[in-house]
Amino acid sequence: MRALFLVLGLALAPAVFAHGEKARSALAVDYSKAEPTPFGIAADPRKASRTIRVEMSDAMRFTPAEITVRQGEAVRFVAANKGKILHEMVLGTREDLEKHAELMKKFPAMEHDEPHMTHVAPGKAGDIGWRFTEPGTFMYGCLIPGHFEAGMVGTIHVTPSQAKGRKP
Ligand SMILES: [Cu+2]
């Protein structure tokens, strides 16, 4: 809920820069202040054990659209925008993303920027450093109005850490 209130607060603030124009590098995040969420916690991408590249296209698709990580694994996502319009990658639970997408429809110029998301200009790439602390199924989506609804969404399976030694 905290994130939602924050998003609402930002929506009501005067628009200083349009949604997505201000790119934040994941390297600029203060990870000592990261707060846990139901889908994990921001983690320094320099210490990530794995880099996962995700491409975003104007066909409103993420490639890959399905990712599997281990519980406890710190991942650096590099989201490359291969299209000609702005896209973003936002991590969350399905419920979080659906709520957020609704808000984006009401406030299209809404500013939001948190460590679990990256807004990426055409031809550029953005990154997210994240540690998945809970097993389960989570999502990533592009919440630019209309994109999520058009299917710009992907699934992250977090396997329990006991499964660590299992052969793929
Ligand atoms: Cu998009």
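These remarks concern the structure in this document. (Residues numbered from 1 in each chain as written. Predicted model: local features only at pLDDT ≥ 70, side-chain atom pairs only at ≥ 80, totals over all residues. Heavy atoms only, no water.)

A closer look at the coordination of the copper ion
Inference 1: Around the copper ion, the protein contributes the donor atoms His-87 (ND1), Cys-142 (SG), His-147 (ND1) and Met-152 (SD), which lie 2.0 to 2.7 Å from the metal centre.
Inference 2: Angles of 89 to 135° at the metal separate the four donor atoms of the copper ion, which places the site in the irregular class.
Inference 3: The sequence pattern describing where the donors of the copper ion fall on their chain is H-x54-C-x4-H-x4-M. For the pair formed by Cys-142 and His-147, the shared burial category is buried. (Donors = N, O, S within 2.8 Å, 3.2 Å for Na, K, Ca; no water. Tetrahedral: all angles 85-135°; square planar, octahedral: opposite > 155°, others 65-115°. Buried < 20%, exposed > 50% of the residue type's maximum accessible area, 1.4 Å probe, protein only.)

Thoughts on the sheet that holds strand 9 (residues 136-141)
Inference 1: The strand order across the open sheet built from five strands is 4-10-9-6-7, with neighbouring strands paired in mixed fashion. Edge strands, defined here as strands with exactly one partner in the open sheet, are strand 4 (66-70) and strand 7 (117-120). Put simply, the sheet's adjacent strands are angled 20° from each other on average, direction ignored.
Inference 2: Relative to strand 10 (residues 153-159), strand 4 is paired through five bridges, and the arrangement is parallel. In the sheet register, Thr-68 faces strand 10, and the bridge partner there is His-157.
Inference 3: Packed onto the sheet, helix 2 (residues 94-106) meets strand 6 (87-92), strand 7 and strand 9 and runs at close to 140° relative to strand 6. (Pairing = 2+ DSSP bridges. Helix = DSSP H or I, 4+ residues; strand = E, 2+ residues; numbered from the N terminus. Axes fitted to C-alpha atoms, helices over the stretch in contact; angles between N-to-C directions. Contact = heavy atoms within 4.5 Å.)

Examining the packing of aromatic side chains
Inference 1: Under the definition given, this model contains three aromatic pairs.
Inference 2: Where Phe-62 meets Tyr-140, the ring centres are 5.0 Å apart and the plane angle is 70°; that geometry is what we call edge-to-face. Of this pair, Phe-62 sits in strand 3 (residues 61-63) while Tyr-140 sits in strand 9, and the two are 78 residues apart along the sequence. Accessibility classification places Phe-62 together with Tyr-140 in one group, the buried group. (Phe/Tyr/Trp six-rings, centres within 6.5 Å; stacked < 30°, edge-to-face > 60°.)

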